[in-house]
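What the coordinates show
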Amino acid sequence: MKHMKSKRELTESSSSHSLQTTTQHLMKKMFLMFVYFYLCFCCLTGVFGDEVKSVSVMEGDSLTLQTDTKLQRDHLILWMFGPQEAVIAEINKEANKFLKYANVLDGRFRDRLQVNNQTGDLTITNINTEDSGLYHINIRSNRITSHRFNVIVYARLPVPVITRNSSQCSSSSANPNCVLLCSVLNVRDVSLSWYKGNSLLSIISVSDLNIRLSLPLEVEYQDTNTYRCVLNNTITNQTQHLNINDVCQTCSDTTGLSTDDVILILRVVAAVAPGFLMSVASVLMFWIYSKNTNTQQQESSSGGVMRR
């Protein structure tokens, strides 16, 4: 009985081990098949090359988006732009065709696209803020490779303008300090900052288009520190240095006119001056003509009297 029981236990143990081995082998095979199909899927869809690269550029510059490849005989390349992935350029190396679609997107890229026939690189000339967005290149040969570029085009920055707060002198409560404003017009995705030496005093940022962006600063009239107002975005900046003696005159030294008032007066003078000068010139010419006419008449009369 013991012998028979031991034999049966041995058989059951062997069967259990065989089943476990088969299960492990099957799971390993399934895992390898999954990895294989996943790698095939990645190669077909171009997952390995489909990362998004961020690119920043200034308005008016030229931008080259690189394929990091050398064109082969069987290469077919499509350059696309925007969420609808409109095709803006095509390269068919086998057919020796290099096409630029100038009429897509209402002709946005007309006469501004260049395609390198050796690498497939795309160059956009005289780029503007409307060219910001997602660019997608699809390279097809024996497999498909993709690259995406998120392009951000920044407008050129104006130089900030520092003025004195025009309401300070007209206020009933006189401020012993000079109140300044650093301002810029029509900017987006920027920061405006005041610095005292190399120390940041204040900062304001804006993302959307703004009609006017201003940042105040209050200083003493006798302050000898150096101040500057800085406008910057991701790739560039513009700086305006403060001259306290020029901007911060005391209220008794000023005419009471704001900067806007002075600009308005200058515009009126510029508009009126040409007409005024023409009027003066006309009167002067009429006076000269009248004087010459009277002189000629007098000479003619004198000559007549002498002949008699």
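Residues numbered from 1 in each chain as written. Predicted model: local features only at pLDDT ≥ 70, side-chain atom pairs only at ≥ 80, totals over all residues. Heavy atoms only, no water.

Thoughts on the overall build of the protein chain
When helices and strands are tallied, the protein chain shows 3 helices and 16 strands. If you take every contact in the protein chain between residues at least 6 apart in sequence, the share linking residues at least 24 apart comes to 58%. When the accessible surface of the protein chain is split by element, carbon and sulfur atoms take 55% of a total near 21,400 Å². (Helix = DSSP H or I, 4+ residues; strand = E, 2+ residues; numbered from the N terminus. Contact = heavy atoms within 4.5 Å. Areas by Shrake-Rupley, 256 points an atom, 1.4 Å probe, with all protein chains shown as cover.)

Examining unusual backbone geometry
Backbone geometry follows two general trends: most residues other than glycine have a negative phi, and most peptide bonds adopt the trans configuration. Although it is not a glycine, Glu85 sits at a positive phi angle of roughly 50 degrees. On the secondary structure map, Glu85 appears in the loop between strand E3 (76-81) and strand E4 (86-92). Residue Glu85 is classed as partly exposed on the basis of its relative accessible area of 29%. For Asp106, which is not a glycine, the phi torsion comes out positive at approximately 60 degrees. Structurally, Asp106 is set in the loop between strand E5 (97-100) and strand E6 (113-115). (Buried < 20%, exposed > 50% of the residue type's maximum accessible area, 1.4 Å probe, protein only.)

Things to note about the pattern of salt bridges
Inspection of every chain in the model, using the stated rule, returns 3 salt bridges. A salt bridge links Arg148 to Glu85; its shortest N-O distance comes to 3.1 Å. Within this pair, whereas Arg148 is found in strand E9 (residues 144-154), its partner Glu85 is found in the loop between E3 and E4, the two being separated by 63 residues in sequence. Ionic pairing is found between Asp131 and Arg112, a salt bridge with its closest N-O pair at 2.9 Å. Of this pair, Asp131 sits in the loop between strand E7 (122-124) and strand E8 (133-140) while Arg112 sits in the loop between E5 and E6, and the two are 19 residues apart along the sequence. (Salt bridge = Lys/Arg side-chain N within 4 Å of Asp/Glu carboxyl O.)

Some points on the confidence of the model for the protein chain
In this model, the protein chain carries a mean pLDDT of 77, and residues with pLDDT of at least 70 account for 62%. No element of the protein chain has a lower mean pLDDT than helix H3 (residues 259-307), which averages 56, and none a higher one than strand E15 (residues 227-232), which averages 96. Below pLDDT 50 for its whole length, residues 42-49 participates in 13 contacts with residues either more than four positions away or in separate chains. Long-range and interchain partners of residues 302-308, a stretch whose pLDDT sits below 50, account for 0 contacts in this model, where long-range means more than four residues apart. (pLDDT = per-residue confidence, 0-100.)

A short note on the state of the cysteines
Tallied over the full model, the rule gives 2 disulfides. Covalent S-S linkage joins Cys178 and Cys248, the inter-sulfur distance amounting to 2.1 Å. Across the S-S bond linking Cys178 and Cys248, the dihedral sits near -85 degrees, which makes this disulfide left-handed. Note that Cys178 is positioned in strand E11 (residues 178-187) and Cys248 in the loop between helix H2 (244-247) and H3, a separation of 70 residues in sequence. The disulfide bridge from Cys182 ends at Cys229, spanning 1.8 Å between sulfur atoms. Residues Cys182 and Cys229 are joined by a disulfide whose S-S torsion is about -95 degrees; by sign, that bridge is left-handed. (Disulfide = S-S within 2.5 Å.)

Focus: the packing of aromatic side chains
The description of an aromatic ring pair rests on the distance of the ring centres and on the angle between the ring planes. Taken as a whole and assessed by the stated rule, the structure comprises 4 aromatic pairs. Centroid distance Phe81 to Phe109: 5.4 Å. Interplanar angle 85 degrees. Geometry classified as edge-to-face. Of this pair, Phe81 sits in strand E3 while Phe109 sits in the loop between E5 and E6, and the two are 28 residues apart along the sequence. Phe109 shares its class with Phe81; the two are buried. (Phe/Tyr/Trp six-rings, centres within 6.5 Å; stacked < 30°, edge-to-face > 60°.)

A look at the sheet that holds E6
With antiparallel pairing, the 3 strands of this open sheet are ordered in space as E2-E7-E6. Each having just a single partner strand, strand E2 (63-65) and E6 make up the two edges of the open sheet. Going from strand to strand, the sheet's axes swing by 20 degrees on average, the running direction of each strand aside. Across 3 bridges, E6 lies against E7 in antiparallel orientation. What sits directly across from Val115, in E7, is Leu122. (Pairing = 2+ DSSP bridges. Axes fitted to C-alpha atoms, helices over the stretch in contact; angles between N-to-C directions.)

What to know about the side chain of Asn233
Residue position: Asn233 is located in the loop between E15 and strand E16 (237-241). Among the polar contacts made by the side chain of Asn233, one reaches the main-chain amide nitrogen of Ile235 at a distance of 3.1 Å. Side-chain polar atoms of Asn233 contact the backbone nitrogen of Thr236, separated by 2.9 Å. Those residues in contact with Asn233 that sit more than four places away from it in its chain are Tyr154, Ala155, Leu157, Asp189 and Val190. (Polar contact = N/O pair within 3.5 Å; in protein donor to acceptor, adjacent residues only side chain to side chain.)

Focus: empty space enclosed by the protein
Applying the stated criterion to the full structure yields 1 cavity of 30 Å³ or more. Approximately 30 Å³ is the volume attributed to the largest cavity. As for the largest cavity, its lining consists of Met80, Phe81, Gly82, Glu85, Leu134, Tyr135, His136 and Arg148. Broken down by secondary-structure element, the contributors of at least two residues to the lining of the largest cavity are E3 and E8. The greatest single-element share of the lining of the largest cavity, amounting to 3 residues, is contributed by E8. Partitioned by chemical class, the residues of the lining of the largest cavity number 4 nonpolar, 2 polar and 2 charged. (1 Å grid on protein atoms, 1.4 Å probe; cavity = no way out; pocket = protein on both sides within 12 Å on 5 of 7 lines; lining within 4 Å. Points joined across faces, edges and corners; volume = space filled by probe spheres on them. Nonpolar A, V, L, I, M, F, W, Y, C, P; charged D, E, K, R; others polar.)

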